[in-house]
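Single-letter residue listing:
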Amino acid sequence: METLLRDLRFALRMLRRSPGFTCSAVLCLALSLGANTSVFSLLNAVLLRGLPYQEPERIMMIWNQFLGDDQREIQLSNSELLDLREQTRSFTEIAATRPGLFSLTGDGDPDLLVGVRVSANLFHLLGVKAAAGRTFLPGEDQPGHDDVVILSHGLFERRYGSDPSVVGRKVTINGKPFTVVGVTPRDFYFRRKGRDLWMPLIIDRAALGARDDRPLEAYARLRSGVTPEAARTELGDTARRWAAEHPETYPTKSGYGLAVVSYREQIVGQIRPVLLVLAAAVGLVLLIACANISNLLLARATTRDREIALRTALGAGRGGLVRQFLTESLLLAACGGALGLLLTAWCLKAIGQMDLSKIPRIDEVSIDGRVLAFTILVSLLTGILFGLVPALQISRRDFHAALKEGAKSSAGAGRNLFRRVLVVLEVAVALVVLLGAGLMIQSFRRLQEVDLGFKTANILSLELFLPTTKYSTPSQQTAFFGELLERLRALPGVSSAGGVSAMPLGVVQSIGEVVIEGAPPPAPGQLNPSVAWRSNSPSYFQTLGIPLVKGRDFVDGDDERAEPVVIVDQSSARHFWPHQEPIGKRLKLVGQGAADPWRSVVGVVGNVKHEGPEVDSREQIYVPFRQHAQPFLYLLLHTPRNAGAVAGPARKAVLGIDKNQAVFRVETMDEKLVRTMAWRRFYTLLLAAFALVALVLAVVGVYSVMAYSVTQRTREIGIRMALGAERGAVTGLVVRQALGLTGLGVVLGLAVALGLLRIVSSLLYGVSATDVKTFVCGALLLTAFALLASYLPARRASRVDPTVALRTE
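All of these numbers come straight from a predicted model, not from anything done at the bench.

## Some remarks on the side chain of T184
1) Next: Structurally, T184 can be placed in the loop between β8 (176–183) and β9 (197–200).
2) Next: Polar side-chain contacts of T184 include one of 3.2 Å to the backbone nitrogen of H153.
3) Next: If near-sequence neighbours (up to four positions away) are discounted, T184 is found in contact with F123, A131, I150, L151, S152, H153 and W198.

What follows is the structure, given as structure tokens:
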């Protein structure tokens, strides 16, 4: 211990004597360790931290699959859920959920909430207990016993001030009284964020509905000893039996099956590749930092030749020298790790202020014990990594010459070779990170240039859900929305207003089969073509700037008494009536019954990317909302200037019709688009920041090696200039040496990138993982900065005074 303390005190003195070196090394480490710790915090919260359920590895999700139509995650119908419960033995229990919107009134302003109807056994399946009160009891999902509700902890705090007396109280939801029986735990996360309440899901055997009406997400818990593979085998047999019993629902060529997916994989599967790419990028940045500091330590050791020689002469052994140098490197790593933690805390605070709702469990990101342990471990390993090789090289040197008066110490060829190899590796690794970031930036830029098919500027959106207890008939629903649209259009500053059942940018749209009049029926075992469809009001296309290509828009007269009509997009027109005039053609939505008979095409509109710029939308059709009334509608208002300014008047217009009607998600379309792109923007910015750090570190590495080389070759340069060498020739000598090292690093980096960056191809949009333009620009950028870094030492070398350089003591 005494020896360790002595080495530590000596290391502190030596680092204080070189404040420039110490600050550079600590800052370099802080940036790289902070980046690694920040990304590990994300990995820890999203991928590593256990889910807050009992034996979460046994929780599965069950999906329908129609591989013939490339549909891999289709929800279940009521009949399919009951059949699974009765016909399978791999699971102890199966539960279902169905999200929805609920209007909460009383105890303050009306509030439109996102809730979930769930099977009564869901919380038992998850192994989750209520933070207050209880969860649902068996039988509370049966008709007549479902007047109970569980509040989320967020709603419990936000609306009721964490008052425990709310448990047992009556609340009014959708115009009906419900008894609050419990509150979920604070950290309860299930499937998605933002759930406000939980209500029983009723599946009435007397009214199951169509077998292909699939609104349910299904969850199951594996029996002890049953593997997911065994469950898949059983469900495969079940799917084949269903297909034989119901060939009209599961045609042979539809490729029908049942899929079992781990719940953890379901929530993190899509985000895992991005997080792993980020982790790889910061790992490479840390390697560059280690190489850089190793170079700095080797250069600094030159100034300590006499000190080390004296210590050796006085009896210091090789082990003692190695221990001393490792103590200094570990001290640097500890300081860098501590500062890196501060940078991590700042980064996590900034992340918390971003809208990254697409990342599951993002609100759980924090610096916990595991993150602290990771930082300590990585700091320790980093200190050993960048300190051990220089320490071993220094301890092997012969310092007898350093004790001779007037002798000039010089680095050996081995040490110089090692430093150059480090620079080549730094350049190569930096180029890989730089190219990866360049590809992501190119991809993000392409996404921003995608034509969505509609406008987002100066458009305000608000969402309404009419409680069916008050607005139970289609005529009541259309009357409310019709009057509201008239009031909204009359607001000062509103140029147009429209409504739609499923708004672009993330709102789930309805998918249905269509029959085209005059088209041959599908062959046995095949399905009718499927389309996305939604109902909308007149002026919806005008409000969003969706072009009307031909025909007409809907009008107020397109109601239940008028001829059924439909508007199709250009993709539908080309697909269903190639080289024909679509206006006047007819189609029918399958399964809609008399409420949706044959519809005549009255217009064709432009294609719209409803799910965001990177998702190719399927064929789309639109029906008048007065002919297909629904209790929910998204209202859109276009204004000449700031759309947010009409949010208040729009709310008042709603309350002017019904003072108890809640309004939900009032925001501009620009805000929706920003949120849709938030995750891509986030990791693109992170990769760009990591690439910038890598570039700076690589340039510093080139500069340090060339500056050191000039110092060591001062005598040689003096002789060259004494013999008549021009300054330009001396400058070129140094620059050519730097160009050689940089060129080797660039060639190595390009070779590695060509193989490695194919991994990120699934994350790119509109750009190849081997994009020539990105590779060339990245290589030229890194080379240019490296040459700039070498120019300063080269310029200094060209100004060497031969008389000073050749002077001997």
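Structure shown, so let's carry the discussion forward.
## Digging into helix α3 (residues 78–87)
1) Next: Here α3 lies mainly inside the structure; seven of its ten residues are buried.
2) Next: For α3, the elements touching its buried residues are β1 (59–66), β3 (91–105), β10 (217–222), α6 (228–245) and β11 (256–262).

## Overview of the packing of aromatic side chains
1) Next: With the rule as written, the count across this model stands at 24 aromatic pairs.
2) Next: Geometrically, the ring pair formed by F40 and F374 is stacked, given 4.0 Å between the ring centres and 5° between the ring planes. With a gap of 334 residues between them, F40 in helix α2 (residues 19–48) and F374 in helix α11 (residues 369–396) connect regions that are remote in the sequence.
3) Next: Among the aromatic residues, ring-to-ring pairing joins Y53, F123, F136, F188, F190, W198, Y219 and Y263 into one connected group.
4) Next: Just above the ring of W242 sits the side chain of R211; from NZ or CZ to the centre is 4.9 Å.

## Considering the packing of α3 against α6
1) Next: Relative orientation of the contacting elements α3 and α6 amounts to 125°, with a least axis distance of 12 Å. Taken together, α3 and α6 sit at an angle that is classed as oblique. Every pair of crossing elements has a handedness; the one defined by α3 and α6 is right-handed. Between α3 and α6, the contacting residues are E80, D83, L84 and Q87 on the first element and E234, L235, T238, R241 and W242 on the second.

## With respect to the pattern of salt bridges
1) Next: Scanning the model with the defined rule gives 27 salt bridges in all.
2) Next: When the shortest N-O distance is used, the salt bridge between R211 and D83 registers 2.9 Å. Residue R211 is located in the loop between β9 and β10, and its partner D83 is located in helix α3; the two are separated by 128 residues in the primary sequence.
3) Next: Of the residues examined, R211 reaches a relative accessible area of 13% and is grouped as buried.
4) Next: With a relative accessible area of 15%, D83 lands in the buried category.
5) Next: Taking the shortest distance from any N to any O, the salt bridge between R169 and D163 comes out at 3.5 Å.
6) Next: The class of R169 is partly exposed, set by a relative accessible area of 27%.

## Re a nonpolar patch on the surface
1) Next: A surface patch of nonpolar side chains, amounting to about 590 Å² of accessible area, comprises L417, V421, L425, L748, V752, L756 and I759.
2) Next: When residues of the nonpolar patch are traced back to their parent elements, those giving at least two are α12 (413–448) and α19 (727–756).
3) Next: For V421, the position within the fold is in helix α12.

## Looking at the pairing of β8
Remember that side chains alternate between the two faces of the sheet whenever the strand is regular.
1) Next: Counting buried positions along β8 gives six out of eight residues, so the element sits mostly inside the fold.
2) Next: In terms of strand pairing, strand β5 (residues 132–133) meets β8 through two bridges, oriented antiparallel. Paired with A132 across the two strands is V183, which belongs to β8.
3) Next: As consecutive antiparallel partners, strand β7 (residues 170–173) and β8 are separated by two residues, and within that stretch N174 has a phi angle of approximately 55°, a positive value.

## Brief notes about the packing of helix α13 (residues 474–489) against helix α16 (residues 647–657)
1) Next: At a closest axis distance of 10 Å, the pairing of α13 and α16 adopts a crossing angle of 140°. Relative to α16, α13 is oriented oblique. For the pair α13 and α16, the sense of crossing is right-handed. Across the interface between the two elements, F480, E483, L484, R487 and L488 from α13 touch A650, A653, V654, G656 and I657 from α16.
2) Next: A per-class count over the contact of α13 with α16 returns seven nonpolar, one polar and two charged.

## Digging into the confidence of the model for the protein
1) Next: Overall, the predicted model of the protein reaches an average pLDDT of 85, with 90% of residues at or above 70.
2) Next: Predicted confidence for residues 405–412 stays below pLDDT 50, and this span has twelve contacts to residues more than four positions away or in other chains.

Calculation rules
Residues numbered from 1 in each chain as written. Predicted model: local features only at pLDDT ≥ 70, side-chain atom pairs only at ≥ 80, totals over all residues. Heavy atoms only, no water. Helix = DSSP H or I, 4+ residues; strand = E, 2+ residues; numbered from the N terminus. Polar contact = N/O pair within 3.5 Å; in protein donor to acceptor, adjacent residues only side chain to side chain. Contact = heavy atoms within 4.5 Å. Buried < 20%, exposed > 50% of the residue type's maximum accessible area, 1.4 Å probe, protein only. Phe/Tyr/Trp six-rings, centres within 6.5 Å; stacked < 30°, edge-to-face > 60°. Lys NZ or Arg CZ within 6 Å of the ring centre and 35° of its normal. Axes fitted to C-alpha atoms, helices over the stretch in contact; angles between N-to-C directions. Parallel < 35°, antiparallel > 145°, perpendicular 65-115°, else oblique. Left-handed = near helix turned anticlockwise from the far one by under 90°. Salt bridge = Lys/Arg side-chain N within 4 Å of Asp/Glu carboxyl O. Patch = residues over 30% accessible without salt bridge, like charges linked within 9 Å, V, L, I, M, F, W, Y side chains within 5 Å. Areas by Shrake-Rupley, 256 points an atom, 1.4 Å probe, with all protein chains shown as cover. Pairing = 2+ DSSP bridges. Nonpolar A, V, L, I, M, F, W, Y, C, P; charged D, E, K, R; others polar. pLDDT = per-residue confidence, 0-100.

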